[in-house]
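# Notes for the structure review
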Amino acid sequence: MRGNTFKRLISLALCAAMLVAAAVPVFAEEQTVTSSDGSAGGTSSGYNKTTLADLSDQLSLISYSQYLENHAGVSAGTKEIVINAADYDEKATTAKNITKESGVYGLEDEVVLTDDAGKITWSFNVEEEGMYSIKVDYAPYSSRKTNIERIFYINDEVPFSQARYMNFLKTWTFNYVEQEDGTVRFAKDASGNEQRPDAQCELKWNTMELSDSDTYYQTPFTFYFKKGINTISLEGVRDEMYISKITLYTFDTPRSYEEKLQEYSDKGYTYGNATIHIDAEMPESVSNYTIYPQNDRSSVITEPQNPTRIMRNIIGGDSWQSTGEWAKYTFTVPQGGAGLYSVVARYKQDISDGVFVSRTVKIDGEVPFTEAYGCRFAYGTEWNVIKLGNGTYEFLFYLDEGEHTIELMATLGDFGDILSRVQEISRSLNDSYLQIMKLTGVQPDANRDYGFSRIAGSAILTIAKASKELYAIVDELVAITGEKGDQVNTLETAALLFKQMSQDEYKIAGNFVSFKNYIVMLSNWMYTSLSQPIKLDYFEILGDEGVAPQAVASFNQSAWFEVKAFVMSFFMDYTTIGFKAE
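Notes on the structure follow. (Residues numbered from 1 in each chain as written. Predicted model: local features only at pLDDT ≥ 70, side-chain atom pairs only at ≥ 80, totals over all residues. Heavy atoms only, no water.)

### As for the overall build of the protein chain
Heads up, the condition is: Counting from the N terminus, the helices are DSSP H or I runs at least four residues long and the strands are E runs at least two residues long. For each residue, the accessible area found with a 1.4 Å probe, counting protein chains only, is set against the maximum for its type, and the residue is called buried under 20%, exposed over 50%, and partly exposed in between. Between two residues, a contact is recorded if the distance between any of their heavy atoms is within 4.5 Å. Method for areas: the Shrake-Rupley scheme with a 1.4 Å probe, in which residue coverage is limited to the protein chains shown.
Looking only at helices and strands, the protein chain has 10 helices and 29 strands in total. Here the protein chain holds 582 residues, and the buried ones make up 49% of them. Across the protein chain, contacts joining residues at least 24 apart in sequence account for 80% of those joining residues at least 6 apart. Carbon and sulfur atoms make up 49% of the accessible area of the protein chain, which totals about 27600 Å².

Following this line, the structure appears as structure tokens:
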């Protein structure tokens, strides 16, 4: 075990050197922000400063999949355990600045306030050994523009690598303004241009199920607890947080969509008769202040659109691409309108070339069926209209009359499995690189016979397997998307080099530098693929008589819009843009 750990640390040192250039664009996006109260915030992307000790600890941890394998024979716990946060173990707690308060944000129970340093620990008894999911009732202390971050421990150990850092998201809302016609939109400047609304952090109680923030794993984590006394600890990393209670429970995996359809049939559900329009640029709340309404003029039928005014008519793009981030909307099914509905979205996904991006859909705070963890939005250069689905099914949702919420969360969806496989390929290739470098040095002589097949046969075999697996992934992506975009071409180019090196050992030395660069390229590919950008115009919740909206403007619509924009440009006072209306 120590030998493997040492090897991984050596691999880290090499990869760190190899990835310096590749990492710069990523970390350049992590700019420090200042909150409205003047205090320094963190980075909007959610990443934190990482030391060599942190990296060493991270590499020494097993993955969540290995953790589950290690506890494969353990049954799920059946008894819910509720831990009051105020009953923390003072002897085992190292954090110095912990206070108990009551009446916080309308909650009469006693809660604890923890800061961004030290560890708070709770001791509790587990009557039944088993696998438990965990949810935390928490609330932010401040409205700083940064997420809350904690390191999670069970019995003084981080259980697996994905649990080391837990992000507790805040909830942000926007200030909307009632217009003269009675509608609610955004504040306008003196020229009638809609302005970006201020984002307000809601200081309220939230419940978070501990899960993978990168969404490689869609459902909440399950953790092993032995029978008897156990401990849970949260170590402060960033920002203060109130904690009310921690609950150990059994997570019920949602049924499949086919089972849900059978339920609809058994209950005699029929289609609803309403059509409900939701403007995507006007969410009830979002998980990050960087997700905000924007202006888009790439289509004249984007709603609303104006030839001379700036209209906030979409949400998303590169401001809504980090996994785990969500936007929530409220809508009402009218009386007598209960029934089955499809959700149609007008969207544009022209950033992730040749691949789909995904969103998890929650109705009234719940994922209705397993397939809803990965609704797909295909790549395209034009605006598109789809019914929410996963490439196999177009989903139907049963909605009672009354108020509901729909929440879309950025997720890897089915792409998570592909990323995991590429990540494993990258790790195995890095081991092969180290093995070959022991023989050749960093820059081998292309004319020398090193005898790779005799001395480094396992490395050549690994490279051959990597090539074969990459070609299989390329075929899968082409089958899903129907095209070879830049993302797919990157994998195919790497697979070709690895194939040539594995089939002819005399090409290894001459391509060794390229081999290293292609390993780096795979790492860059994974970083890029973690982004899930999408632009949303609106949703329509359609019953049996609903008609799918128009995706692309006609020639006449576009031409007439441009004529009006040209004519009105002679009368537009551009000097008043941004000035507040009196």
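### Digging into the sheet that holds strand 9 (residues 165-168)
To be explicit about the condition: Should DSSP find at least two bridges between two strands, the strands are regarded as paired. Axes here refer to lines fitted to C-alpha atoms; in helices the fit is confined to the stretch in contact. Angles between the N-to-C directions go from 0 to 180 degrees.
One open sheet accounts for 4 strands, arranged 6-16-8-9; its pairing is antiparallel. Both edges of this open sheet fall to strand 6 (119-126) and strand 9, since each of them pairs with a single strand only. The sheet shows a mean angle of 30° between the axes of neighbouring strands, taken without regard to direction. In this structure, strand 8 (residues 148-154) lies alongside strand 9, joined through 4 bridges in antiparallel fashion. The partner of arginine 150 across the bridge, within strand 9, is methionine 166.

### Let's talk about the nonpolar core
As a reminder of what qualifies: Nonpolar cores are built from buried Ala, Val, Leu, Ile, Met, Phe, Trp, Tyr and Cys residues. Side-chain atoms within 4.5 Å join them into one set.
Within the largest apolar cluster, 46 residues are counted, with the highest numbers of intra-cluster contacts made by Phe377, Ile406, Leu536 and Phe539. Considering each element in turn, this core owes the most residues, 5 residues, to strand 23 (residues 339-348). Excluding anything up to four places from it in sequence, leucine 536 contacts Ala280, Asn313, Ile314, Ile315, Trp320, Ala345, Arg346, Tyr347, Phe377, Trp383 and Leu408. Counting residues in hydrophobic clusters, the runner-up holds 39 residues, among them Ile418, Ala459, Ile519 and Leu522.

### Details of the pattern of salt bridges
To be explicit about the condition: A pair is scored as a salt bridge if a Lys or Arg side-chain nitrogen falls within 4 Å of a carboxyl oxygen belonging to Asp or Glu.
Per the counting criterion, the structure on display carries 19 salt bridges. The closest approach of N and O atoms between glutamate 469 and arginine 421, which form a salt bridge, is 2.8 Å. Separated by 48 residues along the polypeptide, glutamate 469 in helix 7 (residues 457-481) and arginine 421 in helix 5 (residues 415-440) bring together distant segments of the chain. Looking at glutamate 469, the relative accessible area reads 27%, which means it is partly exposed. The salt bridge involving glutamate 492 is made with lysine 484; its shortest N-O contact spans 2.8 Å. Given the relative accessible area of 23%, glutamate 492 is considered partly exposed. The exposure class assigned to lysine 484 is partly exposed, which follows from its relative accessible area of 44%.

### What to know about a nonpolar patch on the surface
Stated precisely, the cut-off is as follows: Put simply, a patch holds well-exposed residues, over 30% relative accessible area, that have no salt bridge, with like charges counted together within 9 Å and Val, Leu, Ile, Met, Phe, Trp or Tyr side chains within 5 Å.
A grouping of Trp560, Val563, Phe566, Val567 and Met568 is seen on the molecular surface, where their side chains present a nonpolar patch of about 510 Å² in accessible area. Relative to the assigned elements, methionine 568 resides in helix 10 (residues 555-568).

### Focus: the layout of surface pockets
Defined as follows: Cavities and pockets are found on a 1 Å grid laid over the protein atoms alone: a cavity is a set of points where a 1.4 Å probe fits but cannot escape, a pocket is an open set with protein on both sides within 12 Å along at least five of seven lines, and a lining residue has an atom within 4 Å of such a point. Grid points are joined across faces, edges and corners, and a volume is the space filled by probe spheres set on the points. Residues were grouped as follows: Ala, Val, Leu, Ile, Met, Phe, Trp, Tyr, Cys and Pro as nonpolar; Asp, Glu, Lys and Arg as charged; and all remaining residues, including Gly, as polar.
Quantified by volume, the second largest pocket comes out at close to 280 Å³. Along the walls of the second largest pocket sit 20 residues, with Arg376, Phe377, Ala378, Ile386 and Gly391 positioned nearest its centre. At the level of secondary structure, the elements contributing two or more residues to the lining of the second largest pocket comprise strand 25 (375-377), strand 26 (384-387) and helix 7. In terms of residue count, strand 26 provides more of the lining of the second largest pocket than any other element does, 3 residues in total. Broken down by class, the residue content of the lining of the second largest pocket amounts to 9 nonpolar, 7 polar and 4 charged.

### Things to note about the pairing of strand 22 (residues 326-333)
Where strand 19 (residues 285-286) meets strand 22, 2 bridges bridge the pair, whose relative direction is antiparallel. Each residue of the ladder has a partner; that of serine 285, found in strand 22, is lysine 328. Where strand 22 meets strand 28 (residues 402-411), 8 bridges bridge the pair, whose relative direction is antiparallel. From the neighbouring strand, tyrosine 329 faces strand 28, where its bridge partner is isoleucine 406.

### A word on empty space enclosed by the protein
Counted under the stated rule, the structure contains 3 cavities of 30 Å³ or more. Of the voids in this model, the second largest cavity is the one considered here, and its volume is about 40 Å³. Lining the second largest cavity, in full, are Ser352, Val355, Phe356, Val357, Phe415, Gln487, Ser529, Ser531 and Gln532. When grouped by side-chain class, the residues that make up the lining of the second largest cavity number 4 nonpolar, 5 polar and no charged.

### Looking at helix 4 (residues 257-266)
Defined as follows: In this context, the arc is that of the directions from the helix axis out to the C-beta atoms.
What helix 4 keeps buried is the set Tyr257, Lys260, Glu263 and Tyr264. In an axial view of helix 4, the angular spread of the buried residues amounts to 110°, which keeps them on one side of the axis. Along helix 4, the residues that are exposed and aim more than 90 degrees away from the buried face are Glu258, Ser265 and Asp266. Elements that come into contact with the buried residues of helix 4 comprise strand 23 and strand 27 (397-399). A positive backbone phi angle near 70° is found at glycine 268, which sits one or two residues after helix 4.

### Some remarks on a negative patch on the surface
Convention followed: Positive charges come from Lys and Arg, negative ones from Asp and Glu, while His and the chain ends are left out of the count. Here the site of a charge means NZ on Lys, CZ on Arg, CG on Asp, or CD on Glu.
Taken together, the side chains of Glu209, Asp364, Glu366, Asp400 and Glu401 define an acidic patch exposed on the protein surface. Relative to the helices and strands, glutamate 401 is located in the loop between strand 27 and strand 28. Glutamate 401 gets classed as partly exposed once you look at its relative accessible area, which sits at 43%.

### Here's the deal with the packing of aromatic side chains
Let me state the cut-off plainly: Each Phe, Tyr or Trp ring, with Trp reduced to its six-membered ring, pairs with another whose centre is within 6.5 Å; inter-plane angles below 30 degrees give stacked pairs, above 60 give edge-to-face pairs, and intermediate values give tilted ones. Note on geometry: a ring has a charge over it if NZ (lysine) or CZ (arginine) is within 6 Å of the ring centre and within 35 degrees of the ring normal.
Throughout the structure, instances matching the rule amount to 35 aromatic pairs. Relative to tryptophan 525, the ring of phenylalanine 415 lies with its centre 5.9 Å away and its plane at 40°, an arrangement referred to as tilted. Residue phenylalanine 415 is found in helix 5, and its partner tryptophan 525 is found in helix 9 (residues 512-529); the two are separated by 110 residues along the sequence. With relative accessibility at 3%, the residue tryptophan 525 sits in the buried group. Every member of this aromatic cluster is reached through a ring pair, and the members are Tyr64, Tyr67, Phe152, Phe160, Tyr217, Phe221 and Phe223. A cation sits over an aromatic face here: arginine 196 above tyrosine 292, 3.5 Å from the ring centre.

### Comments concerning the environment of tyrosine 141
If you trace the backbone, tyrosine 141 turns up in the loop between strand 7 (130-140) and strand 8. Once the C-alpha coordinates of tyrosine 141 and threonine 114 are considered, the two residues, 27 residues apart in sequence, prove to be 9.0 Å apart.

### Looking at helix 7
As a reminder, the rule being used: The span expected for a helix works out to 1.5 Å for each residue beyond the first.
For helix 7, which comprises 25 residues, the first-to-last C-alpha distance of 36 Å matches the rise-based estimate of 36 Å (1.5 Å per residue) to within 8%. Of the residues making up helix 7, those classed as buried are Ala459, Ile460, Ile463, Ala466, Ser467, Leu470, Ile473, Val474 and Leu477. Glycine 482 occupies a position one or two residues after helix 7 and carries a positive phi of about 80°.

### Here we look at the packing of helix 5 against helix 9
Put simply, the test is: When an angle is under 35 degrees it counts as roughly parallel; over 145 it counts as roughly antiparallel; between 65 and 115 it counts as roughly perpendicular; any other value is oblique. Handedness of a helix crossing follows the sense of rotation of the near helix relative to the far helix, less than a right angle counterclockwise being left-handed and clockwise being right-handed.
Interaxial distance between helix 5 and helix 9 falls to 10 Å at its minimum, and their mutual angle equals 155°. Taken together, the axes of helix 5 and helix 9 lie roughly antiparallel to each other. Where helix 5 crosses over helix 9, the two elements pack in a sense that is left-handed. Of the residues that constitute the contact of helix 5 with helix 9, the class distribution is 15 nonpolar, 6 polar and 1 charged.

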